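# Chain and residue survey
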Amino acid sequence: EMASERLDFHEMGLDDRLLKAVADLGWSKPTLIQEKAIPLGLDGKDILARARTGSGKTAAYGIPVIQRILASKQVIGVTQDVRALILVPTKELGQQVQLMMRQLTAYCSRDVRVADISSKADLSTQRPILMEKPDVVVGTPSRVLAHLNAQNLVLHSSLEMLVVDEADLIFSFGFESDLKNLLW
Ligand SMILES: Nc1ncnc2c1ncn2[C@@H]1O[C@H](COP(=O)(O)OP(=O)(O)OP(=O)(O)O)[C@@H](O)[C@H]1O
């Protein structure tokens with residue numbers, strides 16, 4: 001495949017605020033997984049993707065999540081609720097994902113609010129974060145389930161996008177019953 005045939009960030013129909021954040025990060029070209037996954041994600045397709053570490057997977061799902069939320073907010077009257085849930089196996093990865101999402105939403109942080117509930121803080125300490133109605137929630141399956149059970153978090157039919165980051169780890173960490181309760 002010739003380099004010139006590779007899709008660029010500005011050819012993906014992304015919001016200017018997202019493009020600006022990408023430019024600030026110094027990214028001139030999408031990585032391979034980003035080039036493949038972003039258009040599919042924007043289209044609302046289900047994606048199962050695998051790529052080696054450091055290949056830019058976080059933005060490969062983060063950019064479509066942010067773009068879809070931005071696009072929907074241009075429609076007046078859309079109810080505000082959690083639109084995307086990003087499941088991570090560990091709080092460390094949750095922090096990394098949160099940081100990447102913060103950077104990508106640097107110019108649209110009011111329209112796309114991201115809450116990381118993967119830390120080990122008390123449920124009651126995290127409750128106010130969820131009461132602010134974030135658009136995107138990042139958390140471990142057990143944390144998300146605990147907040148659902150405590151009714152701090154309501155997903156209902158608002159949930160449009162589900163990301164399982166490091167799915168191989170999540171499915172091997174003894175999260176199975178949490179996941180079942182959470183997703184089915
Ligand atoms: N298009 C891009 N151009 C240049 N750098 C990028 C691009 N996309 C992501 N990066 C950078 O590459 C690094 C790795 O990205 P990321 O953490 O998303 O990879 P990953 O595939 O999720 O890795 P891991 O498996 O370790 O989580 C980050 O520092 C990120 O800022």
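This text follows the structure it describes.
The model shown is predicted, which means the values in this text are computed figures rather than measured ones. (Residues numbered from 1 in each chain as written. Predicted model: local features only at pLDDT ≥ 70, side-chain atom pairs only at ≥ 80, totals over all residues. Heavy atoms only, no water.)

## Section: the layout of surface pockets
Basically, it comes down to this: Cavity and pocket criteria rest on a 1 Å grid covering protein atoms alone: a 1.4 Å probe that fits but cannot get out defines a cavity, protein on both sides within 12 Å along at least 5 of 7 lines defines an open pocket, and an atom within 4 Å of a point defines a lining residue. Grid points are joined across faces, edges and corners, and a volume is the space filled by probe spheres set on the points. Numbering of helices and strands runs from the N terminus, with a helix taken as a DSSP run of H or I at least four residues long and a strand as a DSSP run of E at least two residues long. As a working rule, the residues Ala, Val, Leu, Ile, Met, Phe, Trp, Tyr, Cys and Pro are called nonpolar, Asp, Glu, Lys and Arg charged, and the rest polar, with Gly in that last group.
Taken as a whole, the largest pocket encloses approximately 920 Å³ of empty space. Taken together, 29 residues line the largest pocket, and the ones lying closest to its centre are Ile47, Ala49, Leu162, Val163 and Val164. Sorting the residues of the lining of the largest pocket by element identifies helix H2 (32-42), helix H3 (57-72), strand S4 (161-164) and helix H7 (167-170) as the ones contributing at least two each. A class-by-class count of the residues in the lining of the largest pocket yields 16 nonpolar, three polar and 10 charged. Here the second largest pocket defines a volume of roughly 170 Å³. In terms of lining, the second largest pocket is formed by Thr53, Gly54, Ser55, Gly56, Lys57, Thr58, Leu93, Gln96, Asp165 and Glu166. Elements that contribute at least two residues to the lining of the second largest pocket include exactly H3 and helix H4 (91-104). Split into classes, the residues belonging to the lining of the second largest pocket amount to one nonpolar, six polar and three charged.

## Describing the pattern of salt bridges
Quick note on the threshold: Criterion for a salt bridge: a side-chain nitrogen of Lys or Arg within 4 Å of a carboxyl oxygen of Asp or Glu. Relative accessible area decides the class of each residue, using a 1.4 Å probe on protein chains only: under 20% of the type maximum gives buried, over 50% gives exposed, and in between gives partly exposed.
Scanning all chains against the criterion turns up nine salt bridges. With a shortest N-O distance of 3.6 Å, Glu160 and Arg68 are connected by a salt bridge. You can see Glu160 sitting in the loop between helix H6 (141-149) and S4 and its partner Arg68 sitting in helix H3, a full 92 residues away along the chain. The exposure class of Glu160 is partly exposed, given its relative accessible area of 40%. Relative accessible area serves as the criterion here: at 25%, Arg68 is assigned to the partly exposed category. Of the charged contacts in the structure, one is a salt bridge between Glu92 and Lys91, with a shortest N-O distance of 3.2 Å. Classification of Glu92 as partly exposed rests on a relative accessible area of 43%. Here the salt bridges share partners, and the residues they tie into one network are Asp15, Arg17 and Asp111.

## Some points on the nonpolar core
As a rule of thumb, soluble globular proteins bury nonpolar side chains together. We count it as follows: Here, nonpolar core refers to any group of buried Ala, Val, Leu, Ile, Met, Phe, Trp, Tyr and Cys residues whose side-chain atoms link them within 4.5 Å. Any pair of residues with heavy atoms lying within 4.5 Å of one another is described as a contacting pair.
The biggest cluster of nonpolar side chains holds 28 residues, and the ones touching the most others in it are Ile63, Ile86 and Val136. For this core, the secondary-structure elements that each account for two or more residues are helix H1 (16-24), H3, strand S1 (84-87), H4, strand S3 (136-139) and S4. The element that contributes the greatest number of residues to this core is H3, accounting for seven residues. Residue contacts for Val136: discarding those within four places in its chain leaves Val65, Ile69, Ala84, Ile86, Met101, Val112, Arg113, Val114 and Ala115. Membership of the second largest hydrophobic core comes to 14 residues, among which are Val82, Ile117, Leu130 and Leu155.

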